[in-house]
Amino acid sequence: MLVLEKASEEERGGNTFFSGGGFRFPYRGIEDIRTVIPDLSDDEIAGIDVGAYTEADMRSDLVRVTEGLAEPALVDQLVGTAFPTVQWMRDLGLRWVLMYGRQAYKVEGKLRFWGGMITEAVGGGSGLSEQLFQAATKHGVEVRYSSKAAGLLSDEHTGRVTGVHVKSPDGFEDIEAAAVVLAAGGFEANAEMRTRYLGSGWELAKVRGTRHNTGDAIQMALQMGAQSFGHWSSAHAVAWDLNAPPTGNRRVGDLYQKHSYPLGVIVNMDGERFVDEGADLRNYTYAKYGREILKQPFGVAFQLFDQQTVSMLRDEYRIREITKGESDTIRGLADALGIDPDGLDRTVEAYNAACQQGTFDPAALDGLSTEGIDPPKSNWALPLNQPPYFGVAVTCGITFTFGGLKIVPTTGQVLDTEERPMPGLYAAGELVGGLFYHNYAGGTGLMAGSVFGRTAGYAAAEAALGARAD
Ligand SMILES: Cc1cc2nc3c(=O)[nH]c(=O)nc-3n(C[C@H](O)[C@H](O)[C@H](O)COP(=O)(O)OP(=O)(O)OC[C@H]3O[C@@H](n4cnc5c(N)ncnc54)[C@H](O)[C@@H]3O)c2cc1C
């Protein structure tokens, strides 16, 4: 098997490299988790509560966050084969750990995990990428770096895909193949396509991951008659440090993200709130809030916290490469961050007055909600009144796009505009459309890439063996 990789060997790994490495899959309880992480000790287990996350939970989360639009057959394939896929990856040598730092809070003496995504690959995204390349090499997969798939070859009579037209530093060549699996990401790193499909202003978004996902494979498949599918005008986009570079930085990785906003309030440069920071657990809101940030003046927002929650912020708030401000007063914080002080004063005063008495529980929807303001903060609404205050400046960071190709969920075969499988052509990962609409549930990207990658890989291999036997 040959893998073509547009990136050089030094920058291999695509978005997988930059990712946090978090995986969402259903599990019945700690015994299932133990099969994924066999070295969990009894002592470790005594101090944690992983709960359960059933197939029904995962299905309902995916349907809920996509406003009921996710293609049911894709959801079925994802939910039904996620856990077996994780176990298959474990058998190939991949290792996971529990996400203590990001997906657990201490509640009543135990670390309680929340939100359906509780494991991450050892070493995060870069560790995952390293482990995947090792496993592939061990199984005889050849990787050709700095080799961009520039077009698909096909039989002019049957239409069967017969290989790939490749561009490398040495020029162009045609490589024949019995089957081709497209797994070249979405069009998040293509400013022109972002503007064309996501809309005006999206050319200004920062790209969280690889600069190489420029929609090449989507375009070459569409040119051959593949069917476009999914939510082309939407994308996964998050709060990302205002001064992060235009595309992913391999040292800082995903730490430019700022995902503890449910513990504080978010305002724009006018000092006005514009989203419900506590609408749901962070895993179910962070991927749609980048879009809301981009709509604000200058595409900028600020997350503000006080001493009640500062110690609970995720590790990404403690890096050197952060755009932050601190002050003993709200006006001072406004000055430090460049927010309109009068506007911020007004907002914080109204917000604090709207906070109610109740029990704060960051590991669950605690119902501690504001009353009488718009937008509300529906959970975790503690008043912002314990100085010193701390704030960070963020903009929109795009992770990946939702529009892409239509596949047969159980084989990964690409469908043409007449709804017929295109012989010899398979697809997996971000460039598959139909799974995500409007929003996303944290940890689903890597899981979907793994499930549909495995599905397409098996089917393509079978087709290739069949073709060889013919
Ligand atoms: C900062 C960040 C954090 C994330 N965190 C998480 C997380 O914790 N959990 C989660 O589930 N998901 C996460 N994601 C999303 C996840 O990384 C992606 O969903 C997943 O990597 C998609 O896999 P893929 O194979 O489709 O694309 P990629 O992993 O991006 O791989 C695509 C590859 O195709 C190559 N390529 C592009 N064009 C061509 C071409 N023409 N020819 C040859 N090669 C080409 C690229 O160089 C790249 O290596 C994160 C993403 C980012 C950017």
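Definitions and limits used
Residues numbered from 1 in each chain as written. Predicted model: local features only at pLDDT ≥ 70, side-chain atom pairs only at ≥ 80, totals over all residues. Helix = DSSP H or I, 4+ residues; strand = E, 2+ residues; numbered from the N terminus. Rg over C-alpha atoms; globule rule 2.2 N^0.38 Å. Buried ≥ 20, exposed ≤ 12 C-beta atoms within 10 Å, placed from the backbone. Contact = placed C-beta atoms within 7 Å. Near = placed C-beta within 6 Å. Nonpolar A, V, L, I, M, F, W, Y, C, P; charged D, E, K, R; others polar. Pairing = 2+ DSSP bridges. Core = buried A, V, L, I, M, F, W, Y, C linked by C-beta atoms within 7 Å. Domains from an automatic or database assignment. Axes fitted to C-alpha atoms, helices over the stretch in contact; angles between N-to-C directions. Parallel < 35°, antiparallel > 145°, perpendicular 65-115°, else oblique. Left-handed = near helix turned anticlockwise from the far one by under 90°. Arc of directions from axis to C-beta.

(A) A look at the overall build of the chain. For the chain, the helix and strand inventory stands at 13 helices and 22 strands. Compactness check: the chain gives a C-alpha radius of gyration of 23 Å against a globular reference of 23 Å for 470 residues, within 12% of the reference. Once the C-alpha set of the chain is aligned to its principal axes, its extents read approximately 75 × 50 × 40 Å. Classification of the 470 residues of the chain by burial places 49% in the buried group. Within the chain, contacts between residues at least 6 apart in sequence are counted, and of these 75% link residues at least 24 apart.

(B) Representation of the site of the ligand in the model. Not every one of the 35 residues close to the ligand is listed here, only the nearest: Gly14, Gly20, Gly209, Gly429 and Gly445. Those elements that place two or more of their residues in the shell around the ligand are helix 1 (14–18), strand 9 (148–154), helix 9 (216–223), strand 19 (389–401) and helix 13 (444–469). Per-element accounting of the shell around the ligand gives the leading share, five residues, to helix 13. Tallied by class, the residues present in the shell around the ligand amount to ten nonpolar, 18 polar and seven charged.

(C) The arrangement of the sheet that holds strand 5 (residues 104–107) in detail. The strand order across the open sheet formed by three strands is 3-6-5, and the pairing between neighbours is mixed. The sheet is open, and its two edges are formed by strand 3 (48–49) and strand 5, each paired on a single side.

(D) A look at the sheet that holds strand 7 (residues 119–121). If you walk across this open sheet you meet the three strands as 2-7-4, and the pairing is antiparallel. Taken across any chain shown, the strands that pair with only one partner, and hence form the sheet edges, are strand 2 (22–23) and strand 4 (96–98). Note that strand 2 and strand 7 share two bridges and pair antiparallel. Across the sheet, residue Gly22 finds its bridge partner in strand 7, namely Glu120.

(E) Highlighting the nonpolar core. Core analysis: the biggest nonpolar cluster contains 123 residues, and Val181, Leu182, Leu405, Tyr426 and Ala427 have the highest contact counts within it. Two domains each donate at least three residues to this core, and these are domain 1 (1–229 + 403–470) and domain 2 (236–397). With sequence-adjacent residues up to four places away left out, Tyr426 is seen in contact with Ala179, Val180, Val181, Leu182, Gly412, Gln413, Val414, Ala456, Ala459 and Ala460.

(F) Examining unusual backbone geometry more closely. Asp374 connects to Pro375 through a cis peptide bond whose omega is -5 degrees. Cis geometry marks the peptide bond from Pro387 to Pro388; its omega dihedral reads 0 degrees. Within the secondary structure, Pro388 is located in the loop between helix 12 (341–354) and strand 19. Despite not being glycine, Phe298 has its phi angle at roughly 60 degrees, a positive value. The topology assignment puts Phe298 in the loop between helix 10 (286–294) and strand 17 (301–305). In the Ramachandran plot, Glu419 falls in the positive-phi region, its phi being about 70 degrees despite a non-glycine side chain. Looking at where Glu419 falls in the secondary structure, it is placed in the loop between strand 21 (413–415) and strand 22 (421–427). We classify Glu419 as exposed; it has 9 C-beta atoms within 10 Å.

(G) The environment of Ala70, seen in detail. Mapping Ala70 onto the fold places it in the loop between helix 4 (55–65) and helix 5 (72–91). Residues Ala70 and Ser311, 241 residues apart in the sequence, show an inter-C-alpha distance of 37 Å. Setting aside its immediate chain neighbours within four residues, Ala70 contacts Leu62, Val63, Val75, Leu435, Phe436 and Tyr437.

(H) Broad picture of the domain arrangement of the chain. Segmenting the chain into domains produces domain 1 (1–229 + 403–470) and domain 2 (236–397). Taking the mean C-alpha position of each, domain 1 and domain 2 sit 30 Å from one another. Listed as interface residues are 34 residues of domain 1 and, on the opposing side, 27 residues of domain 2. No other element matches helix 7 (residues 124–138), which puts three residues into the side of domain 1 that touches domain 2. Broken down by class, the residue content of the side of domain 1 that touches domain 2 amounts to 13 nonpolar, 14 polar and seven charged.

(I) Broad picture of helix 9. Residues of helix 9 that are buried include every one of Asp216, Ala217, Ile218, Met220 and Ala221, and no others. In this structure, the buried residues of helix 9 make contact with strand 9, strand 12 (180–182), strand 20 (404–405), strand 21 and strand 22. Gly225 occupies a position one or two residues after helix 9 and carries a positive phi of about 105 degrees.

(J) Fine view of the pairing of strand 9. Summarising the sheet, strand 9 and strand 10 (residues 161–168) pair through six bridges and their orientation is antiparallel. Bridge pairing in strand 10 links Ala149 to Val166.

(K) The packing of helix 11 (residues 330–337) against helix 12, seen in detail. Put simply, helix 11 and helix 12 touch, their axes get as near as 9 Å, and they point 135 degrees apart. With respect to each other, helix 11 and helix 12 are oriented oblique. For the element pair helix 11 and helix 12, the recorded crossing hand is right-handed. Facing helix 11, whose interface residues are Ile330, Arg331, Ala334 and Asp335, helix 12 presents Pro341, Leu344, Asp345 and Val348. When the residues that make up the contact of helix 11 with helix 12 are grouped by side-chain class, the tally is five nonpolar, no polar and three charged.

(L) Just helix 8 (residues 191–198), in detail. Restricting attention to buried positions, one finds in helix 8 the residues Met193, Arg194, Tyr197 and Leu198. Along the axis of helix 8, the buried positions cluster into a sector of 105 degrees, meaning they face one direction only. Where the residues of helix 8 are buried, they touch strand 15 (235–241). Directly after helix 8, the chain includes Gly199, whose backbone phi takes a positive value near 120 degrees.

(M) Summary view of the pairing of strand 19. Burial analysis of strand 19 places 13 of its 13 residues in the buried class, the great majority of the element. The pairing of strand 13 (residues 206–207) with strand 19 spans two bridges and is parallel. Within strand 19, the residue paired with Lys206 across the bridge is Gly397. Note that strand 15 and strand 19 share seven bridges and pair antiparallel. Looking across to strand 19, one finds that Ala239 is bridged to Cys396. As defined by bridge partners, strand 17 adjoins strand 19 across five bridges and the pair is classed as antiparallel. Looking at strand 19, one finds that Gln303 is bridged to Val392.

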